[in-house]
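# Close look at the chain arrangement
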Amino acid sequence: AREDGRFAVDFVRQPEGMPRSPSRPRPGAKGEADPAHQEALRRFADEERTYRETWMPRVAEALRPLHPTNLARYDAVLFASTTGDLPLPDKQGFIDWIASGRAFIGVHAATDTFHGFRPFIEMIGGEFARHGPQVPVEGLNDDPKHPAGRPLPARWPVFDEIYQFKSFERAKVHGLLTLDKHPNDKTPGDYPVAWCKLYGQGRLFYTSFGHRE
């Protein structure tokens, strides 16, 4: 975009200084009633409240440009390894904006986002379930005529962290890259890596590659 000026890109980024997300303490050998564990639970509750009340409003403020009213000026949004429940100003409005004829690009952990919000999962086409260690794989080029597949060989060797999915229906997407065996244990099967689809009048492209630059 900088080189040829055909389109412009604006960035919406997480604020600097993200605190560590509190982890709920597990009971030790003395069990739940142990005073030390109860004290750890009280500290956890205080840390979680501080995290929720001080950090999440900053994230919500950073995401205000993703309100559908502002997005009317844009053609597409790319989620670059987002994760969790983003405090979008209008989640359903965002989904409706895509369906109205815009585009959504998801990279890697974009499928690890909004697990509890089914319209997002239906839009993106799959939901992150698990992954193993990073590993070399050969992605099968499902559509060498598609612009995403045209530059790639029939079998594309990549070293990356490979996702396995739930809530994925092959018949509802146009496959672009697939593995014909499990990336880690090599069990034969159908393991999607990248796909595109229509969502209403909108368009969706997703790749689970991207853990590594």
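Residues numbered from 1 in each chain as written. Predicted model: local features only at pLDDT ≥ 70, side-chain atom pairs only at ≥ 80, totals over all residues. Heavy atoms only, no water.

## Observations regarding the sheet that holds strand β4 (residues 135-141)
With mixed pairing, the seven strands of this open sheet are ordered in space as β1-β2-β9-β8-β7-β4-β5. Of all strands in the sheet, those bounded by a partner on one side alone are β1 (76-80) and β5 (155-160). Pairwise comparison of adjacent strand axes, ignoring direction, gives a mean angle of 25 degrees for this sheet. Bridge analysis of strand β8 (residues 188-199) against strand β9 (residues 202-207) gives six bridges, and the strand direction is antiparallel. (Pairing = 2+ DSSP bridges. Helix = DSSP H or I, 4+ residues; strand = E, 2+ residues; numbered from the N terminus. Axes fitted to C-alpha atoms, helices over the stretch in contact; angles between N-to-C directions.)

## Some points on helix α3 (residues 91-99)
Inspection of α3 places Gly93, Phe94, Ile95, Trp97 and Ile98 among the buried residues, and these make up the whole buried set. Where α3 is buried, its residues touch α2 (68-71), β1, β2 (103-107), α4 (118-124), β8 and β9. Looking one or two places after α3, you find glycine 101, whose phi comes out positive at around 130 degrees. (Buried < 20%, exposed > 50% of the residue type's maximum accessible area, 1.4 Å probe, protein only. Contact = heavy atoms within 4.5 Å.)

## Structural notes on the layout of surface pockets
One simple way to see leftover space: roll a probe sized like a water molecule over the atoms. Taken as a whole, the largest pocket encloses approximately 1,100 Å³ of empty space. Taken together, 36 residues form the lining of the largest pocket, with Val12, Leu78, Phe79, Ala80 and Thr82 sitting closest to its centre. Elements represented by at least two residues in the lining of the largest pocket include exactly α1 (35-62), α2 and β1. The class makeup of the residues in the lining of the largest pocket is 25 nonpolar, six polar and five charged. (1 Å grid on protein atoms, 1.4 Å probe; cavity = no way out; pocket = protein on both sides within 12 Å on 5 of 7 lines; lining within 4 Å. Points joined across faces, edges and corners; volume = space filled by probe spheres on them. Nonpolar A, V, L, I, M, F, W, Y, C, P; charged D, E, K, R; others polar.)

## Some thoughts on the environment of glycine 116
With respect to the element layout, glycine 116 can be found in the loop between β2 and α4. Owing to a relative accessible area of 73%, glycine 116 belongs among the exposed residues under this scheme. The sequence separation of glycine 116 and glycine 84 amounts to 32 residues, and the corresponding C-alpha distance is 9.3 Å.

## Looking at the pattern of salt bridges
Under the definition given, this model contains ten salt bridges. We note a salt bridge from arginine 6 to aspartate 4, for which the minimum N-O separation is 3.0 Å. For arginine 6, a relative accessible area of 70% gives the class exposed. The class for aspartate 4 is partly exposed, based on a relative accessible area of 43%. Three or more residues joined by partner-sharing salt bridges are found here, namely Glu39, Arg42 and Arg43. (Salt bridge = Lys/Arg side-chain N within 4 Å of Asp/Glu carboxyl O.)

## Considering a nonpolar patch on the surface
A cluster of nonpolar side chains, contributed by Phe7, Val9 and Phe11, occupies part of the molecular surface with about 340 Å² of accessible area. Inspection of the secondary structure assignment puts valine 9 in the segment before α1. The exposure class assigned to valine 9 is partly exposed, which follows from its relative accessible area of 44%. (Patch = residues over 30% accessible without salt bridge, like charges linked within 9 Å, V, L, I, M, F, W, Y side chains within 5 Å. Areas by Shrake-Rupley, 256 points an atom, 1.4 Å probe, with all protein chains shown as cover.)

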